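What follows is each chain in one-letter form.
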Amino acid sequence: MNTILEARNLCKYYGEGESLVKAVDNVSLTINAGEFVAVVGKSGSGKSTLLHMLGALDTPTSGSVIIDGKDIAMLSEPQLAKIRRRKIGFVFQAYNLVPSLNIWENIVLPIGLDGRRVDERYVRDIIKTLGLESKVKNLPGTLSGGQQQRAAIARAAAAKPSIILADEPTGNLDTKTGDEVMAMLKLSVKKYGQTLVVITHNEDIAQMADRTLVIEDGRIAE
């Protein structure tokens, strides 16, 4: 199996002395290409902090993150931005769609910002896979929560990243819609050969994963 994402002795500490908080405390993990890994833990366990470091959105206090064989600590901010745009797709609990752009424009926006040509056939295939064909000209505000989250997934997948990181992607959705969105996300990732890491406290979502990591007090529980 090809390792695509790795953390080595990863730490993120805030404060000092009596008020030291170890949000992530000496975490090591490897994730293989094509794998679906769920990271579960209670609120405040450090799972979102871990995801942000894995996605190069946050800098560790110590330790290293290796994406596709590259230690990202060695990279400059412009190089990190390039990795975020090309290697990683992000899906957050808040859909983060631009309200003044229609769904098609939202989905292709990151590709344009990266100065790349949109592979229209590929993007239309993703839109079809996620059941959004009839919504491409709509503004986000006219869509349901589930449809907006599917649009956010389409945007994450459209740039052809090798890794998709999702932080509580069904947190704002009811159970039925959340299950549908997760099924769509899993289908999309499988179809395009991507690796999926999902942060969740939902046991049902964890059951869908190939592997589950449990985080307690900033550490991976055995």
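Below is a summary of the structure that appears in this document. If you're wondering where the values come from, they're calculated on a predicted model, not measured in any experiment.

This brings us to the sheet that holds strand 1 (residues 3–14). Pairing is antiparallel in the open sheet, where 4 strands are placed in the order 2-1-4-5. Looking along the sheet, the strands with just one partner apiece sit at the ends: strand 2 (21–32) and strand 5 (70–71). Sheet analysis places strand 4 (residues 62–67) next to strand 5, joined by 2 bridges and oriented antiparallel. Of the residues in strand 5, the one forming a bridge with Ile67 is Lys70.

In the structure shown here, the tally under the stated rule is 2 aromatic pairs. Ring centres 5.1 Å apart and planes at 65° place the aromatic pair Tyr122 and Tyr192 in the edge-to-face group. Here Tyr192 lies in the loop between helix 6 (175–191) and strand 8 (195–200) and Tyr122 lies in helix 4 (residues 120–129), a separation of 70 residues in the sequence. The exposure class assigned to Tyr192 is buried, which follows from its relative accessible area of 17%. In this arrangement the basic side chain of Arg124 is found over the ring face of Trp104, its NZ or CZ atom lying 4.4 Å from the centre.

Next up on the list: the sheet that holds strand 6 (residues 88–91). Here we have 6 strands laid out as an open sheet, ordered 6-7-8-3-9-10, and mixed in their pairing. A single partner strand is all that each edge strand has here, and the edge strands are strand 6 and strand 10 (219–220). As paired strands, strand 3 (residues 36–40) and strand 9 (residues 211–216) are joined by 4 bridges and run parallel to one another. Residue pairing for strand 9: Val39 is matched across the bridge by Leu213.

Taking 1.5 Å as the rise per residue, helix 6 with 17 residues should run 24 Å; its terminal C-alpha atoms sit 24 Å apart, in good agreement. Among the residues making up helix 6, those that are buried are Gly178, Val181, Met182, Leu185, Ser188 and Val189. When helix 6 is viewed along its axis, its buried side chains cluster within an angular range of 125° and face the same direction. Exposed positions of helix 6 whose direction lies more than 90 degrees from the buried face are Lys176 and Lys190. Buried positions along helix 6 lie against strand 3, helix 4, helix 5 (145–158), strand 7 (163–167), strand 8 and helix 7 (203–208). Among the residues of helix 6, the N-terminal cap falls to Asp174, whose side-chain oxygen and the backbone nitrogen of Lys176 are separated by 3.2 Å. Downstream of helix 6 by a residue or two, Gly193 has a phi angle that is positive, lying close to 65°.

Evaluated as defined, the whole model comprises 14 salt bridges. With its nearest N and O atoms 3.1 Å apart, the salt bridge here joins Arg219 to Asp25. Here Asp25 lies in strand 2 and Arg219 lies in strand 10, a separation of 194 residues in the sequence. Salt-bridge contacts for Asp114 lead to Arg86; the nearest nitrogen and oxygen are separated by 2.7 Å. A residue pair is termed long-range when its members are at least 10 positions apart, and Asp114 in the loop between helix 3 (103–113) and helix 4 and Arg86 in helix 2 (residues 77–86) qualify at 28 residues. The exposure class of Asp114 is buried, given its relative accessible area of 8%. For Arg86, a relative accessible area of 34% corresponds to the partly exposed category.

Attention shifts here to the environment of Val40. Its place among the elements puts Val40 in strand 3. Overall, Val40 belongs to the buried group, its relative accessible area being 8%. As a C-alpha pair, Val40 and Thr30 span 10 residues in sequence and 16 Å in three-dimensional space. If near-sequence neighbours (up to four positions away) are discounted, Val40 is found in contact with Lys47, Thr200, Ala206, Thr212, Leu213, Val214 and Ile215.

What counts and how
- Residues numbered from 1 in each chain as written.
- Predicted model: local features only at pLDDT ≥ 70, side-chain atom pairs only at ≥ 80, totals over all residues.
- Heavy atoms only, no water.
- Pairing = 2+ DSSP bridges.
- Helix = DSSP H or I, 4+ residues; strand = E, 2+ residues; numbered from the N terminus.
- Phe/Tyr/Trp six-rings, centres within 6.5 Å; stacked < 30°, edge-to-face > 60°.
- Buried < 20%, exposed > 50% of the residue type's maximum accessible area, 1.4 Å probe, protein only.
- Lys NZ or Arg CZ within 6 Å of the ring centre and 35° of its normal.
- Expected span 1.5 Å × (residues − 1).
- Arc of directions from axis to C-beta.
- Contact = heavy atoms within 4.5 Å.
- Polar contact = N/O pair within 3.5 Å; in protein donor to acceptor, adjacent residues only side chain to side chain.
- Salt bridge = Lys/Arg side-chain N within 4 Å of Asp/Glu carboxyl O.

Geometric descriptors of this kind do not, in isolation, establish any biological role.
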